[in-house]
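Residue-level listing of the chains:
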Amino acid sequence: MDTYDIFKQLTAGVRFTKKRTAPPSKSNAVSAAKETPPQPKPVSKPAEDSDSGEDCSAADDFRLLADTGTSTAASAPKRKKAKKQLSKEQAEQLRRVEEINALRKQNLITVLGKDVPAPIKLFDDLRSSEYKLLPRLLENLSSYGFAQPTPIQMQALPVLLKDRALMACAPTGSGKTLAFLTPIINGLRCHKTTGLRALVLAPTRELAQQIYRECGELTKGTGLRTHFISKVSEAKQQYGPDCKQKYDILISTPNRVRFLLQQQPPLLDFKSIEWLVLDEADRLMEEGQNNFKEQLDDIYAACTNPQKRVAFFSATYTVPVAKWALRHLKNLVRVTIGVQNSATDTVKQELLFVGSESGKLLAMREMVRQGLQPPVLVFVQSKERAKQLFEELLYDGINVDVIHAERTQHQRDNCVRAFREGHIWVLICTELMGRGIDFKGVNLVINYDFPPSKISYIHRIGRTGRAGRPGRAVTFFTQDDTANLRSIAQIIKNSGGEVPEYMLQMKKVSKSEAKMRSKKPLEREDITTKIRPETPKNSVKLQKIEKAEKVLKQKNNTDKNSINKTKKLGKMKEQLKGKAPLAKAKVKKSKNTSK
Ligand SMILES: Nc1ncnc2c1ncn2[C@@H]1O[C@H](COP(=O)(O)OP(=O)(O)OP(=O)(O)O)[C@@H](O)[C@H]1O
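Residues numbered from 1 in each chain as written. Predicted model: local features only at pLDDT ≥ 70, side-chain atom pairs only at ≥ 80, totals over all residues. Heavy atoms only, no water.

Quick notes on the sheet that holds strand β12 (residues 426–429)
Backbone hydrogen bonds hold the strands of a sheet together, and the pairing may be parallel or antiparallel.
Argument step 1. Read from one edge to the other, the open sheet built from six strands follows the order β9-β14-β13-β10-β12-β11, with strand pairing classed as parallel. Single-partner strands in this sheet number two, and they are β9 (347–355) and β11 (400–403). Across the sheet, the axes of successive neighbouring strands diverge by a mean angle of 20°, strand direction being ignored.
Argument step 2. Across four bridges, strand β10 (residues 376–379) lies against strand β13 (residues 444–447) in parallel orientation. Bridge pairing in β13 links Val378 to Ile446.
Argument step 3. Strands in contact with helix α17 (residues 409–420) are β10, β11 and β12; relative to β11, the strand with the most contacts, it is inclined by about 135°.
Argument step 4. The strands touched by helix α18 (residues 454–461) within the sheet are β9, β10, β13 and β14 (471–478), with β13 carrying the most contacts at an inclination of about 150°. (Pairing = 2+ DSSP bridges. Helix = DSSP H or I, 4+ residues; strand = E, 2+ residues; numbered from the N terminus. Axes fitted to C-alpha atoms, helices over the stretch in contact; angles between N-to-C directions. Contact = heavy atoms within 4.5 Å.)

Next comes the structure, spelled out in C-alpha cells:
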C-alpha cells in the first residue's frame, strides 16, 4: 500500500472545498521519491508527436509505474513541516538530496522507482566502499581515456551495481554498452568453472560481435572468459557436456541461443545465469513473424536463477516493453536520459525532396559531385535495392561496398572491418545496420529510402553524431513518402532542427497504418539508370514526341522558339526512356527542401 492508497482510505467520504490543499494525485506521487524534496520536473516529457503507434510516451510510463506503486511521495505540506524541524542530520540529508537532484537535472536524467541510488560524477566514484569496483576494471575503464561518465553511465552504473533491475532509455551513441558491461564484469569478478553466468543479447550478429569486442577490452586482466557464438555448428564442442572450456559471459543473438537450447540434449545451460541484458530491448521484444519475442520467451524461461539481474537498454521504447518489464521485473528502476524516443541532438538533420525514385540517384550523384566527406552510411529498404545501388555507385567509381543479410558472414565481417579501417568510404546497408553499430566518426548518414518508422529513423541517423561528435543526416523523400513525413519532421523539430511548417501540419497517420507501414516497406521502382522497359503508355507518348520532332524538323525553323521546343522534346524523350529523370524533381526540391 503506498501513500496514495493510505490517503484514499483515510479520506474516504471526506469532501474537500476548493480552498483546501489538493490531495496528492497519483502522478504527483510518482514524480517525487519518498524521502526527497520536490524533484526537478521530469525532463522525459513525451515527445510532442505520438502518431506512429509504436511509441511509449513518458506519460504512459509514469502511469504504468504509478499503477504498480513503485514510487511514493510525501505530500507538499508535510515536507514544509519537516523543513521547520530539521535536525543537523536531516539538513545534511536534504542538502545531499538537493545536490543529487541538481546533478540529475543538469544531465537530463529522469528516474522512476523506489530508493534510486545517486548518480556518480566520475568513474573514480566507483572506487568507494559502496561499489567496490575491481581495481583492474577501473584500470580498464580509465584506459579508454574518457574524461567522465556519460549521463546514462552516471545513473545506470550505480543502479546495476546495486543489483537492481533496470530499464534504461538513452540517446544513440551515448555509451550504453559500457553502462551494462561494467556492472556485469564487476558482479562476476573472476572466472569460475560453473558455466555461463551472464548473457547479453542483441538483435544482430554484427552488434553482438561489437559488444563482444568491447567486453574483451573491459575484461582484460580479470580472468573472465567471454564467448560469442560465431558458428552454431561448432557449438557442440564449445558448450556440450564434455566441454572442458567454460565461459562466464555469452554474447549472442536470440535465434542462435534458442537453437542451442532446443538441441537434445540442450547445448546451453542457463541455470546459473546471474545477469541477463537485452541491448536494443524494444527490438528484441517485438512480436510477430520474424521477430524475436518468442525466442526471447524461451530464453528467459531457461534462465531459472531467481536472483538474476535483468537490464533492458535502448534508445527507444514501446508500450509493450514497459508493460512487460513492470510485470516481470522486481525492484525495477527506470532511467531516461533527455526526451524519450528522440533523435540525438548532435546530428544535423535534413529532409531532401527528390521528386521521384530516379531523382534519388541524381541527388546522390550530385552530393558525390559536390564532395562527400567519408565515411558515409547509406540506408536502403531491402537487400535487392542495396545491390542495385551498389552496382550504380560502383559504376561511378566510388569507393563503395554493400552489406545485407544475403552476404556470407565472412563477407559481412570483412565489409564491416574495411569500413571501420577506412578502406571503404561509402557503405550501403539495410536495416541490419540500423541499430547499435558504432562506426567511429561516420560523418554522414543518407536515408536513400525513407525510413519505415520514426523509431527506425532515430536509430539509423544515430550511426552518426556519436559520443558527442557532430554528424549529419540527409533523408531523401518522394511524393510516395509523405505518410510518414510528418512524424519524422516532428522528430527533427524536437531535437532542435528546422523543418517547414507545412510538414508539421500534414495529416496524422493512424496507428494501424503506421504499424503496417513499419512492417511492409513501400514498393519502389528499381534503382537503375538503365533504359526502362517501355510501357504501352510510354510508347504512345514517345510516338507523339517523335511525331512532333519530325514536324519541327520539316519546318526547318531556326528561330529561338523552335530550337527551345526541339530541346524540350528531346528532354522529354530522355525522361521517358529513364535517362534524364530529374527535371521535375529539381523544381520541387527548391520549393520543399528543408534546411
Ligand atoms: N564516458 C564516455 N565518454 C566518451 N565516449 C564514450 C564514453 N563511454 C562510451 N563512449 C564511446 O561512445 C561511443 C558510443 O557508445 P555505445 O556504442 O555504447 O553507444 P550506445 O548508447 O549503445 O548507442 P546505440 O543506441 O546506437 O546502440 C563508443 O565509441 C564508446 O567508446
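Let's talk about the pairing of strand β6 (residues 275–279)
Argument step 1. With five of its five residues buried, β6 lies for the most part within the structure.
Argument step 2. Across five bridges, the pairing between β6 and strand β7 (residues 309–314) is parallel. Residue pairing in the sheet places Trp275 in a bridge with Arg309 of β7. (Buried < 20%, exposed > 50% of the residue type's maximum accessible area, 1.4 Å probe, protein only.)

Structural notes on the site of the ligand
Argument step 1. Taken together, 21 residues are adjacent to the ligand, and Gly173, Lys176, Thr177, Asp438 and Arg466 come closest.
Argument step 2. A distance of 2.6 Å separates an oxygen atom of the ligand from a polar side-chain atom of Thr177.
Argument step 3. In this structure, Arg463 approaches the ligand through a side-chain N or O atom, which is 2.9 Å from an oxygen atom.
Argument step 4. Starting from 640 Å² of accessible surface for the ligand in isolation, the protein chains cover 92%.
Argument step 5. At three residues, helix α8 (residues 176–188) tops the list of elements feeding residues into the shell around the ligand.
Argument step 6. For the shell around the ligand, a count of residues per class yields six nonpolar, nine polar and six charged.
Argument step 7. Counting contributing residues, the shell around the ligand receives three or more from each of domain 1 (91–337) and domain 2 (347–519). (Near = heavy atom within 4 Å. Polar contact = N/O pair within 3.5 Å; in protein donor to acceptor, adjacent residues only side chain to side chain. Areas by Shrake-Rupley, 256 points an atom, 1.4 Å probe, with all protein chains shown as cover. Nonpolar A, V, L, I, M, F, W, Y, C, P; charged D, E, K, R; others polar. Domains from an automatic or database assignment.)

Points about the sheet that holds β6
Argument step 1. If you walk across this open sheet you meet the eight strands as β1-β8-β2-β7-β6-β3-β5-β4, and the pairing is mixed. Every other strand in the sheet has two partners, leaving β1 (109–112) and β4 (226–228) as the edge strands with one partner each. Ignoring which end each strand starts from, the neighbouring axes of this sheet average 15° apart.

Examining helix α6 (residues 135–142)
Residues spaced three or four apart along an α-helix point in a common direction, a consequence of the helix completing one turn every 3.6 residues.
Argument step 1. Listing the buried residues of α6 in full gives Leu137, Leu138, Asn140 and Leu141. Viewed end-on, α6 has its buried residues packed into an arc of 160°, placing them on one side of the element. More than 90 degrees from the buried face of α6, the exposed residues found are Pro135 and Ser142.
Argument step 2. Buried-residue contacts for α6 involve α8 and α9 (205–218). (Arc of directions from axis to C-beta.)

Quick word on the pairing of β12
A regular strand places its side chains so that they alternate between the two faces of the sheet.
Argument step 1. The alternating pattern of β12 places Val426 and Ile428 on one face and Leu427 and Cys429 on the opposite face, and all of these are buried.
Argument step 2. Pairing between β10 and β12: four bridges, direction parallel. Paired with Leu377 across the bridge in β12 is Leu427.
Argument step 3. For β11 and β12, the ladder comprises four bridges, and the chain directions are parallel. Opposite Ile403, over in β12, you have Cys429 as the bridge partner.
Argument step 4. Taken together, β11, α17 and β12 form a β-α-β motif whose crossover is right-handed. (Right-handed = clockwise from strand over helix to strand, strands pointing away.)

A closer look at the domain arrangement of the protein chain
Interface extent is often summarised as the accessible area lost during association of the parts.
Argument step 1. Here the domain parsing of the protein chain yields domain 1 (91–337) and domain 2 (347–519).
Argument step 2. Here the C-alpha centroids of domain 1 and domain 2 sit 29 Å apart.
Argument step 3. In this assembly, 18 residues from domain 1 lie in contact with 20 residues from domain 2.
Argument step 4. For the pair domain 1 and domain 2, the summed buried surface comes to about 1500 Å²; carbon and sulfur atoms form 46% of the total.
Argument step 5. Among the ionic pairs, Glu280 bridges to Arg435, the shortest N-O distance being 2.9 Å.
Argument step 6. Remark: the boundary between domain 1 and domain 2 carries eleven residue pairs in polar contact (both at pLDDT 80 or more).
Argument step 7. When residues in the side of domain 1 that touches domain 2 are grouped by element, the largest group, six residues, is from α9.
Argument step 8. When the residues that make up the side of domain 1 that touches domain 2 are grouped by side-chain class, the tally is two nonpolar, nine polar and seven charged. (Buried area = accessible area lost by both parts, 1.4 Å probe. Salt bridge = Lys/Arg side-chain N within 4 Å of Asp/Glu carboxyl O.)

With respect to the pattern of salt bridges
It is possible for side chains bearing opposite charge to pair when their charged atoms get close.
Argument step 1. For the coordinates displayed, the defined rule picks out 34 salt bridges.
Argument step 2. With its nearest N and O atoms 2.9 Å apart, the salt bridge here joins Glu392 to Arg365. A residue pair is termed long-range when its members are at least 10 positions apart, and Glu392 in helix α16 (residues 383–395) and Arg365 in helix α15 (residues 357–370) qualify at 27 residues.
Argument step 3. Its relative accessible area of 7% is what places Glu392 among the buried residues.
Argument step 4. Classification of Arg365 by relative accessible area gives partly exposed; the value is 23%.

Regarding the UniProt feature "short sequence motif: Q motif" (unreviewed entry) in the protein chain
Argument step 1. Feature annotation in UniProt places "short sequence motif: Q motif" (unreviewed entry) on residues 126–154, given in this structure's numbering.
Argument step 2. Annotation note: span residues 126–154, helix share 41%, strand share 0%, distance between end C-alpha atoms 10 Å. (UniProt positions renumbered as here; feature names shortened; annotations may be inferred.)

Section: the packing of aromatic side chains
Argument step 1. All chains considered together, the criterion is met by eight aromatic pairs.
Argument step 2. Site record: aromatic cluster; members linked through ring pairs are Tyr300, Phe312 and Trp324.
Argument step 3. Looking at Lys308, its charged tip hangs above the ring of Tyr300, at a distance of 4.9 Å from the centre. (Phe/Tyr/Trp six-rings, centres within 6.5 Å; stacked < 30°, edge-to-face > 60°. Lys NZ or Arg CZ within 6 Å of the ring centre and 35° of its normal.)

Observations concerning the side chain of His459
Argument step 1. In this structure, His459 sits in helix α18.
Argument step 2. Note on His459: relative accessible area 2%, which makes it buried.
Argument step 3. Excluding residues that lie within four positions of it along the chain, His459 makes contacts with Thr172, Glu280, Asp282, Ser314, Ala315, Thr316, Gly434 and Arg435.

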